[in-house]
Amino acid sequence: MNLRPMLGIVAITILAACSSPGAPAGSPSASASIVLAASPGERLGALPGVEGFAYRASSVAVAGFVEGANATLDGDAEVEIVQASVASRGDEDVSIIAFTFPGADDTQSIDYFARIIDDMEDGLQAGSERGLGGSAYLITAHGQTVVLAPFGRADSLVFLFLAGPVGPTEDLATGILGAEE
(Lines give C-alpha, C1' and ligand atoms only; values in the text may rest on other atoms or scores of the structure.)
Protein backbone atom coordinates (compact mmCIF):
# COMPACT_ATOMS: atom_id res chain seq x y z
CA MET A 1 0.00 0.00 0.00
CA ASN A 2 1.36 3.43 -0.75
CA LEU A 3 0.52 6.82 0.74
CA ARG A 4 -1.54 8.31 -2.13
CA PRO A 5 -4.39 5.75 -1.98
CA MET A 6 -4.32 5.92 1.81
CA LEU A 7 -4.88 9.70 1.75
CA GLY A 8 -7.91 9.14 -0.47
CA ILE A 9 -9.24 6.58 1.96
CA VAL A 10 -8.80 8.97 4.88
CA ALA A 11 -10.73 11.63 2.94
CA ILE A 12 -13.55 9.15 2.26
CA THR A 13 -13.66 8.13 5.91
CA ILE A 14 -13.81 11.74 7.09
CA LEU A 15 -16.55 12.54 4.59
CA ALA A 16 -18.56 9.50 5.65
CA ALA A 17 -18.18 10.39 9.32
CA CYS A 18 -19.25 14.00 8.71
CA SER A 19 -22.25 13.31 6.48
CA SER A 20 -25.67 13.19 8.12
CA PRO A 21 -26.62 9.68 9.24
CA GLY A 22 -29.83 9.68 7.23
CA ALA A 23 -28.23 10.72 3.94
CA PRO A 24 -27.71 7.82 1.54
CA ALA A 25 -24.27 7.41 -0.02
CA GLY A 26 -25.34 8.74 -3.41
CA SER A 27 -27.29 11.72 -2.09
CA PRO A 28 -26.78 15.21 -3.53
CA SER A 29 -24.85 16.20 -0.40
CA ALA A 30 -22.10 13.71 -1.32
CA SER A 31 -19.42 15.02 -3.62
CA ALA A 32 -19.56 13.42 -7.06
CA SER A 33 -15.76 13.14 -7.13
CA ILE A 34 -15.58 10.94 -4.01
CA VAL A 35 -16.86 7.39 -4.39
CA LEU A 36 -18.86 6.26 -1.36
CA ALA A 37 -20.15 2.98 -2.78
CA ALA A 38 -19.04 0.21 -5.13
CA SER A 39 -21.11 -2.36 -6.99
CA PRO A 40 -20.64 -6.09 -6.33
CA GLY A 41 -17.12 -7.20 -7.18
CA GLU A 42 -15.71 -3.63 -7.46
CA ARG A 43 -13.07 -2.18 -5.15
CA LEU A 44 -13.67 0.71 -2.74
CA GLY A 45 -10.62 2.62 -1.55
CA ALA A 46 -8.09 0.15 -0.19
CA LEU A 47 -10.59 -2.72 -0.21
CA PRO A 48 -10.25 -4.99 -3.22
CA GLY A 49 -13.34 -6.14 -5.06
CA VAL A 50 -14.75 -9.42 -3.80
CA GLU A 51 -17.18 -11.37 -5.98
CA GLY A 52 -20.75 -11.04 -4.74
CA PHE A 53 -20.10 -8.22 -2.24
CA ALA A 54 -20.99 -4.54 -2.72
CA TYR A 55 -19.35 -1.88 -0.54
CA ARG A 56 -20.60 1.37 0.89
CA ALA A 57 -18.75 3.78 3.16
CA SER A 58 -20.12 3.59 6.69
CA SER A 59 -18.96 4.90 10.03
CA VAL A 60 -21.68 3.12 12.05
CA ALA A 61 -19.36 0.59 13.74
CA VAL A 62 -16.41 2.96 14.13
CA ALA A 63 -17.29 4.64 17.44
CA GLY A 64 -17.80 1.36 19.30
CA PHE A 65 -14.69 -0.22 17.82
CA VAL A 66 -12.45 2.79 18.56
CA GLU A 67 -13.85 3.20 22.07
CA GLY A 68 -13.27 -0.49 22.87
CA ALA A 69 -9.82 -0.62 21.29
CA ASN A 70 -8.64 2.57 23.00
CA ALA A 71 -9.97 1.32 26.36
CA THR A 72 -8.05 -1.92 25.82
CA LEU A 73 -4.84 -0.04 25.04
CA ASP A 74 -5.34 2.16 28.13
CA GLY A 75 -3.41 5.15 26.78
CA ASP A 76 -0.45 3.16 25.43
CA ALA A 77 -1.58 3.90 21.86
CA GLU A 78 -4.49 5.32 19.93
CA VAL A 79 -6.36 3.60 17.12
CA GLU A 80 -6.66 5.51 13.86
CA ILE A 81 -9.27 4.48 11.30
CA VAL A 82 -8.00 4.22 7.73
CA GLN A 83 -11.30 3.12 6.15
CA ALA A 84 -14.72 2.08 7.39
CA SER A 85 -17.23 0.32 5.15
CA VAL A 86 -20.07 -2.15 5.08
CA ALA A 87 -20.04 -4.98 2.57
CA SER A 88 -23.39 -6.44 1.54
CA ARG A 89 -24.26 -9.73 -0.08
CA GLY A 90 -27.98 -10.11 -0.47
CA ASP A 91 -29.47 -9.00 2.81
CA GLU A 92 -26.39 -9.85 4.89
CA ASP A 93 -24.05 -7.03 5.97
CA VAL A 94 -20.46 -7.24 7.20
CA SER A 95 -18.77 -4.27 8.87
CA ILE A 96 -15.16 -3.65 7.83
CA ILE A 97 -12.73 -1.33 9.58
CA ALA A 98 -9.13 -0.86 8.45
CA PHE A 99 -7.11 0.63 11.29
CA THR A 100 -3.60 1.45 12.37
CA PHE A 101 -1.65 2.63 15.40
CA PRO A 102 0.00 5.89 14.28
CA GLY A 103 3.56 6.36 15.45
CA ALA A 104 3.97 2.73 16.53
CA ASP A 105 6.73 0.56 15.10
CA ASP A 106 5.93 -2.93 13.79
CA THR A 107 6.64 -4.70 17.10
CA GLN A 108 4.46 -2.27 19.06
CA SER A 109 1.67 -2.51 16.47
CA ILE A 110 1.62 -6.30 16.69
CA ASP A 111 1.52 -6.11 20.49
CA TYR A 112 -1.42 -3.65 20.39
CA PHE A 113 -3.19 -5.87 17.84
CA ALA A 114 -2.75 -8.92 20.12
CA ARG A 115 -4.13 -6.98 23.09
CA ILE A 116 -7.25 -6.07 21.09
CA ILE A 117 -7.74 -9.72 20.13
CA ASP A 118 -7.38 -10.80 23.78
CA ASP A 119 -9.92 -8.21 24.92
CA MET A 120 -12.41 -9.24 22.21
CA GLU A 121 -12.05 -12.88 23.28
CA ASP A 122 -12.88 -11.85 26.84
CA GLY A 123 -15.79 -9.67 25.76
CA LEU A 124 -17.32 -12.31 23.48
CA GLN A 125 -16.42 -15.11 25.90
CA ALA A 126 -15.01 -17.12 23.00
CA GLY A 127 -11.46 -17.96 22.00
CA SER A 128 -9.90 -16.92 18.72
CA GLU A 129 -8.70 -19.42 16.18
CA ARG A 130 -6.09 -18.93 13.52
CA GLY A 131 -7.87 -19.34 10.19
CA LEU A 132 -8.19 -18.33 6.56
CA GLY A 133 -4.94 -20.02 5.66
CA GLY A 134 -3.25 -18.75 8.81
CA SER A 135 -3.62 -15.10 7.81
CA ALA A 136 -6.34 -14.08 10.30
CA TYR A 137 -7.81 -14.62 13.74
CA LEU A 138 -11.49 -15.59 13.95
CA ILE A 139 -13.78 -15.34 16.95
CA THR A 140 -17.21 -16.92 16.50
CA ALA A 141 -20.06 -16.56 18.97
CA HIS A 142 -23.85 -16.30 18.80
CA GLY A 143 -24.02 -16.72 15.00
CA GLN A 144 -21.56 -13.88 14.42
CA THR A 145 -17.91 -13.89 13.43
CA VAL A 146 -15.22 -11.33 14.12
CA VAL A 147 -12.12 -11.49 11.92
CA LEU A 148 -8.93 -9.62 12.79
CA ALA A 149 -5.99 -9.69 10.41
CA PRO A 150 -2.91 -7.81 9.27
CA PHE A 151 -3.75 -6.08 5.98
CA GLY A 152 -0.89 -3.94 4.69
CA ARG A 153 1.23 -0.92 5.36
CA ALA A 154 0.81 2.85 5.15
CA ASP A 155 3.04 4.86 7.50
CA SER A 156 2.61 1.93 9.89
CA LEU A 157 1.02 -1.51 9.79
CA VAL A 158 -2.67 -1.59 8.84
CA PHE A 159 -5.03 -4.19 10.27
CA LEU A 160 -8.57 -5.29 9.41
CA PHE A 161 -11.56 -5.82 11.68
CA LEU A 162 -14.59 -7.51 10.10
CA ALA A 163 -17.78 -8.39 11.96
CA GLY A 164 -20.96 -10.00 10.71
CA PRO A 165 -22.84 -13.24 10.24
CA VAL A 166 -20.97 -16.55 10.18
CA GLY A 167 -20.26 -17.48 6.56
CA PRO A 168 -20.39 -14.15 4.75
CA THR A 169 -17.81 -12.63 7.10
CA GLU A 170 -15.33 -15.44 6.47
CA ASP A 171 -16.06 -15.36 2.72
CA LEU A 172 -15.41 -11.61 2.57
CA ALA A 173 -12.24 -11.81 4.69
CA THR A 174 -10.93 -14.63 2.48
CA GLY A 175 -11.62 -12.55 -0.62
CA ILE A 176 -9.98 -9.41 0.76
CA LEU A 177 -6.91 -11.15 2.17
CA GLY A 178 -6.50 -13.37 -0.88
CA ALA A 179 -6.83 -10.60 -3.47
CA GLU A 180 -3.79 -10.02 -5.61
CA GLU A 181 -2.79 -6.38 -5.91
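Rules behind the numbers
Residues numbered from 1 in each chain as written. Predicted model: local features only at pLDDT ≥ 70, side-chain atom pairs only at ≥ 80, totals over all residues. Heavy atoms only, no water. Pairing = 2+ DSSP bridges. Helix = DSSP H or I, 4+ residues; strand = E, 2+ residues; numbered from the N terminus. Core = buried A, V, L, I, M, F, W, Y, C linked by side-chain atoms within 4.5 Å. Buried < 20%, exposed > 50% of the residue type's maximum accessible area, 1.4 Å probe, protein only. Contact = heavy atoms within 4.5 Å. Axes fitted to C-alpha atoms, helices over the stretch in contact; angles between N-to-C directions.

A. Spatial organisation of the pairing of strand β2 (residues 54–57). Summarising the sheet, strand β1 (residues 37–38) and β2 pair through two bridges and their orientation is antiparallel. By the bridge assignment, alanine 37 is partnered in β2 with arginine 56. Taken together, the four bridges between β2 and strand β3 (residues 80–89) define a ladder with antiparallel strand orientation. Its bridge partner being in β3, alanine 57 is matched across the sheet by serine 85.

B. Local environment of the nonpolar core. The biggest cluster of nonpolar side chains holds 26 residues, and the ones touching the most others in it are Phe65, Val79, Ile81, Phe99 and Phe101. Of all the elements in the fold, those that place two or more residues in this core are α2 (62–73), β3, β4 (92–100), α3 (106–124), β6 (136–141), β7 (144–153) and β8 (157–165). Once residues lying within four places of it in the same chain are set aside, the contact partners of valine 79 are Phe65, Val66, Ala69, Asn70, Leu73, Phe99, Thr100, Phe101 and Ile116. In this structure, Leu47, Phe151, Val158 and Ile176 belong to the second largest nonpolar core, which totals 23 residues.

C. Spotlight on helix α4 (residues 168–178). Where α4 is concerned, the buried positions are Pro168, Thr169, Glu170, Leu172, Ala173 and Ile176. Those residues of α4 that are buried are in contact with β2, β3, β4, β6, β7 and β8.

D. Just the sheet that holds β4, in detail. Across the sheet, which stays open at both edges, the eight strands sit in the order β1-β2-β3-β4-β8-β7-β6-β5 with antiparallel pairing between neighbours. Strands with a single pairing partner mark the edges of an open sheet, and in this sheet they are β1 and β5 (129–131). Where β6 meets β7, five bridges bridge the pair, whose relative direction is antiparallel. Looking at the pairing, alanine 141 lines up with glutamine 144 of β7. The sheet contacts of α2 involve β3, β4 and β8, and relative to β3 the element is tilted by about 135°. Contacts from α3 reach β4, β6, β7 and β8 within the one sheet, and its direction differs from that of β7 by about 175°.

E. Summary view of the environment of isoleucine 97. Topologically, isoleucine 97 is positioned in strand β4. A relative accessible area of 1% places isoleucine 97 in the buried class. Each C-alpha atom of the pair isoleucine 97 and leucine 162 lies 6.5 Å from the other, and the pair is 65 residues apart in sequence. Not counting chain neighbours up to four residues away, the residues in contact with isoleucine 97 comprise Ala61, Val62, Phe65, Ile81, Gln83, Phe159, Leu160 and Phe161.

F. Focus on unusual backbone geometry. Positive phi outside glycine occurs at glutamine 125, with the angle close to 50°. By the secondary structure assignment, glutamine 125 is in the loop between α3 and β5. Even without being a glycine, leucine 132 presents a positive backbone phi close to 55°. Residue placement: leucine 132 occurs in the loop between β5 and β6.

G. How the structure looks around the pairing of β3. In terms of burial, β3 is largely enclosed, as eight of its 10 residues are buried. Here nine bridges tie β3 to β4, and the two strands are oriented antiparallel to one another. By the bridge assignment, isoleucine 81 is partnered in β4 with phenylalanine 99. What sits between β3 and β4 in their antiparallel hairpin is a turn of two residues, with glycine 90 showing a positive phi close to 65°.

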